[in-house]
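Overview (structure and organization)
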Amino acid sequence: QLVESGGGLVQAGGSLRLSCAASGRSFSAYAMAWFRQVPGEGRELVSVISYNGDSTYYADSVKGRFTISRDNAKNMVYLQMNNLKPEDTAVYYCAASTFQSVTTQPHDFGSWGQGTQVTVPS
């Protein structure tokens, strides 16, 4: 089970830190990711982190502004979002991969959280 938190309303240029709490003994064995979705559009991959945190992937749209991290001892994944823009407005979802290494294929992620809303007014 994955539970996201930390979303909210923030002005452009501001920061938010999303958290994802994972339950289950196998958390540290799998890559984790953050996706986002705007109503009426498909789910977009934002960032991925490998099972041990050694490898990461960022979408071009967030590179240099967002940082993904994980704490396997606490079964937590984080997404630090800086310099937020109106186009970052979306529901953000935490997802667990079925692989250890970074993957960018949505079908490689078998578990999803319920999402947390991030709103950046224009």
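It should be emphasised that the depicted structure is a prediction, and the values quoted were computed from it without experimental measurement.

**A look at the nonpolar core**
- Met32, Trp34, Phe66, Leu79, Met81 and Tyr92 are the most contacted members of the largest nonpolar core, which totals 26 residues.
- Ranked by size, the runner-up nonpolar core spans 7 residues in total, among them Ala33, Leu45, Ala95 and Phe109.

**Some thoughts on the pairing of strand E7 (residues 66-71)**
- Alternating residues of E7 divide into Phe66, Ile68 and Arg70, all buried, and Thr67, Ser69 and Asp71, none buried.
- Here E7 folds back onto strand E8 (residues 76-81) in antiparallel fashion, the turn holding 4 residues, of which Asn75 has a positive phi close to 55°.

**Overview of the packing of aromatic side chains**
- If you walk through the whole model with that rule in mind, you get 3 aromatic pairs.
- For the ring pair Phe35 and Trp112, a centre distance of 4.7 Å and an interplane angle of 55° mean the geometry is tilted. On the criterion of sequence distance, the pair formed by Phe35 in strand E4 (residues 32-37) and Trp112 in strand E10 (residues 109-112) is long-range, its members being 77 residues apart.
- Residue classification places Trp112 among the partly exposed residues on the basis of a relative accessible area of 30%.

**Some words on the state of the cysteines**
- Enumeration according to the criterion identifies 1 disulfide in this entry.
- With its sulfur 2.1 Å from that of its partner, Cys20 forms a disulfide with Cys94. Its S-S torsion of about -80° marks the bond between Cys20 and Cys94 as left-handed, since a negative value means left-handed. Here Cys20 is found in strand E3 (residues 16-22), whereas its partner Cys94 is found in strand E9 (residues 90-97), with 74 residues between them in sequence.

Conventions we followed
Residues numbered from 1 in each chain as written. Predicted model: local features only at pLDDT ≥ 70, side-chain atom pairs only at ≥ 80, totals over all residues. Heavy atoms only, no water. Core = buried A, V, L, I, M, F, W, Y, C linked by side-chain atoms within 4.5 Å. Buried < 20%, exposed > 50% of the residue type's maximum accessible area, 1.4 Å probe, protein only. Helix = DSSP H or I, 4+ residues; strand = E, 2+ residues; numbered from the N terminus. Pairing = 2+ DSSP bridges. Phe/Tyr/Trp six-rings, centres within 6.5 Å; stacked < 30°, edge-to-face > 60°. Disulfide = S-S within 2.5 Å.

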